[in-house]
Amino acid sequence: MFEEKLGKYSVELRDLFAQLNDLIFAAVPSVNARLWGGLPSYYVKDKFVRLIPSKNHINVEAEALLNYKAQLSDYEFTPKNMLRICVGQVVPADILKAAIVETLSSCC
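So, a few notes on the structure that sits alongside this text. All chains use their own residue numbering, which begins from 1 and follows the written sequence. Side-chain atom pairs in this predicted model are given and counted only at pLDDT of 80 or more, local residue features only at pLDDT of at least 70, and totals for whole chains, interfaces and linings cover all residues. Side-chain metrics rest on all non-hydrogen atoms present in the structure, leaving aside hydrogens and water.

## Observations concerning the overall build of the chain
(1) Moving on: Each helix and strand counted, the chain has 3 helices and 6 strands in total.
(2) Moving on: Secondary structure elements follow DSSP: runs of H or I no shorter than four residues count as helices, runs of E no shorter than two count as strands, and numbering proceeds from the N terminus. Along its sequence from the N terminus, the chain presents helices and strands in the succession α-α-β-β-β-β-β-β-α.
(3) Moving on: At 13 Å, the chain has a C-alpha radius of gyration in line with the 13 Å of a compact globule built from 108 residues.
(4) Moving on: Categorising residues by exposure relies on relative accessible area from a 1.4 Å probe, with only protein chains included: less than 20% of the type maximum marks a residue as buried, more than 50% marks it as exposed, and the intermediate range marks it as partly exposed. Within the chain, the fraction of its 108 residues that count as buried is 45%.
(5) Moving on: Contacts are assigned to residue pairs that have any heavy atoms within 4.5 Å of one another. Restricting to contacts in the chain with at least 6 residues of sequence separation, those with at least 24 account for 52%.
(6) Moving on: Roughly 6100 Å² of accessible area belongs to the chain as shown, and the carbon and sulfur atoms make up 52% of that amount.
(7) Moving on: Counting rule applied: Lys, Arg positive; Asp, Glu negative; His and chain ends not counted. A charge is said to be at NZ when it belongs to Lys, at CZ for Arg, at CG for Asp and at CD for Glu. Mean positive and mean negative side-chain charge positions of the chain (12 and 12 charges, respectively) differ by 7 Å. Radius of gyration here is computed from C-alpha atoms only, and the compact-globule reference equals 2.2 Å multiplied by the residue count raised to the power 0.38. Computed with the Shrake-Rupley method and a 1.4 Å probe, the accessible areas treat only the protein chains shown as cover for residues.

## So, unusual backbone geometry
(1) Moving on: In this structure, K45 takes a positive phi of about 55° despite not being glycine.
(2) Moving on: Position of K45 relative to the elements: it lies in the loop between β2 (39-44) and β3 (47-53).
(3) Moving on: Residue class for K45 comes out exposed when judged on its relative accessible area of 69%.
(4) Moving on: In the Ramachandran plot, N81 falls in the positive-phi region, its phi being about 60° despite a non-glycine side chain.
(5) Moving on: Structurally, the position occupied by N81 is in the loop between β5 (76-77) and β6 (83-86).
(6) Moving on: Note on N81: relative accessible area 29%, which makes it partly exposed.

The quantities given are spatial measurements derived from coordinates; they are silent on function.
In structure tokens:
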């Protein structure tokens, strides 16, 4: 779905994106994926997870990530509390999956 948007990025970044995309769908199969402001976003009702690609990293925006900040001490957080995962870093799949489920299931 987001291939055209990611075409300008490196193969490594597209691979990282695919890994994160698959993780989101594995965590919450009923998620609705769409572009929001040109950014890949995943919704359940009014809750969302957003992937923000950059040249050599992807920022992950998910409300519940702050609850896991101590467990993610090997990773950088942006000033807006998004998790930055750089190309070549191991994706913290178990922690991310938990944060995604918590973010998308905390709706009313």
